[in-house]
Amino acid sequence: ISSFPSKTFYDGKLFNGSNVLQSNYINDSTVLDRKPYSFVQISGREQQLSSGSYSNADEAKASVVLVQMLRDSHICASRNADTKIPWHSHEKIRIITFYQGQVMLLKRMLRQAGLGQVLVATVDSSQGCEADVVIISFVRSNNGQ
């Protein structure tokens, strides 16, 4: 997964940590064909809130569906595994976004879907954090351009 940002943004100078280089560091999820990363295009509309922040309901809905798929995939993949870390723990999955309005919307939608234990935070507050799966909600939409 590091090859894309390393080549694109860091002139090939970004390297993986030792934990990622271990042979037991694998993706056991069947979601998104086991790719290390994917970009998912959402045709949604941003909304500016009275606070000045932004949210995007269509993107939030897609994020919730993706979390549901990850949960279901993990349950299937872990039936025979002896794992002590729940699929929804902060080191397993988190959703990050650039806008507090989207954080609030995602938290509400996840709670309504029975997934309120999934961490949702701003990009700024997640600096230095890691998770096996990170969903990034960009929020802003430019009408298909």
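Residues numbered from 1 in each chain as written. Predicted model: local features only at pLDDT ≥ 70, side-chain atom pairs only at ≥ 80, totals over all residues. Heavy atoms only, no water.

A. The pattern of salt bridges, seen in detail. The final tally for this structure, using the stated rule, is three salt bridges. Salt-bridge contacts for Asp 72 lead to Arg 71; the nearest nitrogen and oxygen are separated by 2.9 Å. With a relative accessible area of 37%, Asp 72 lands in the partly exposed category. Put simply, Asp 132 and Lys 92 hold a salt bridge, and the shortest N to O gap is 3.4 Å. Placement of Asp 132 in the loop between β4 (119-122) and β5 (133-137) and of Lys 92 in the loop between α3 (57-77) and β3 (93-97) is noted, with a sequence separation of 40 residues between them. Relative accessible area serves as the criterion here: at 44%, Asp 132 is assigned to the partly exposed category. (Salt bridge = Lys/Arg side-chain N within 4 Å of Asp/Glu carboxyl O. Buried < 20%, exposed > 50% of the residue type's maximum accessible area, 1.4 Å probe, protein only. Helix = DSSP H or I, 4+ residues; strand = E, 2+ residues; numbered from the N terminus.)

B. Up close: a nonpolar patch on the surface. A cluster of nonpolar side chains, contributed by Phe 4, Phe 9, Tyr 10, Leu 14, Tyr 37 and Phe 39, occupies part of the molecular surface with about 650 Å² of accessible area. When you line up the elements, Tyr 37 lands in the loop between α2 (18-21) and β1 (47-48). (Patch = residues over 30% accessible without salt bridge, like charges linked within 9 Å, V, L, I, M, F, W, Y side chains within 5 Å. Areas by Shrake-Rupley, 256 points an atom, 1.4 Å probe, with all protein chains shown as cover.)

C. The packing of aromatic side chains, seen in detail. Following the criterion strictly, the structure yields four aromatic pairs and no others. On the basis of an interplanar angle of 85 degrees and a centroid distance of 6.1 Å, the ring pair of Phe 4 and Phe 9 is categorised as edge-to-face. A residue is classified by how much of its surface remains accessible, and Phe 4, at 32% relative accessible area, is partly exposed. Classification of Phe 9 by relative accessible area gives exposed; the value is 57%. A centroid spacing of 5.9 Å and a plane angle of 70 degrees characterise the contact between Phe 4 and Phe 39, whose relative ring orientation is edge-to-face. (Phe/Tyr/Trp six-rings, centres within 6.5 Å; stacked < 30°, edge-to-face > 60°.)

D. Spatial organisation of the nonpolar core. Val 67, Ile 95, Leu 110, Leu 115 and Val 118 are the most contacted members of the largest nonpolar core, which has 17 residues in total. Mapped by element, the contributors of at least two residues to this core are α3, β3 and α4 (100-112). Contact partners of Leu 115, with chain neighbours within four places excluded, come to Val 64, Val 67, Gln 68, Arg 71, Trp 87 and Leu 110. (Core = buried A, V, L, I, M, F, W, Y, C linked by side-chain atoms within 4.5 Å. Contact = heavy atoms within 4.5 Å.)

E. Representation of the environment of Ser 51 in the model. As for its position among the elements, Ser 51 is in the loop between β1 and β2 (54-55). The exposed category is assigned to Ser 51, whose relative accessible area is 62%. Along the sequence, Ser 51 and Gln 100 sit 49 residues apart, while their C-alpha atoms lie 9.4 Å from each other. Of note is the side chain of Ser 51, whose polar atom sits 3.3 Å from the backbone nitrogen of Ser 53. (Polar contact = N/O pair within 3.5 Å; in protein donor to acceptor, adjacent residues only side chain to side chain.)

F. The environment of Leu 119, seen in detail. The residue Leu 119 is located in strand β4 in this model. Separated by 29 residues in sequence, Leu 119 and His 90 have C-alpha atoms that sit 6.1 Å apart. Apart from the residues lying within four places of it in its own chain, the contact partners of Leu 119 are His 90, Ile 93, Arg 94 and Ile 95.

G. Expanded view of the side chain of Thr 122. Locating Thr 122 in the fold gives a position in strand β4. With a relative accessible area of 16%, Thr 122 lands in the buried category.

H. The arrangement of the side chain of Arg 94 in detail. Its place among the elements puts Arg 94 in strand β3. Of the side chains with opposite charge, Glu 91 comes closest to the buried, unpaired Arg 94, at an N-O distance of 7.1 Å. Excluding anything up to four places from it in sequence, Arg 94 contacts Leu 119, Ser 126, Cys 129, Glu 130, Ala 131, Val 133, Val 134 and Ile 135. (Lys, Arg positive; Asp, Glu negative; His and termini not counted.)

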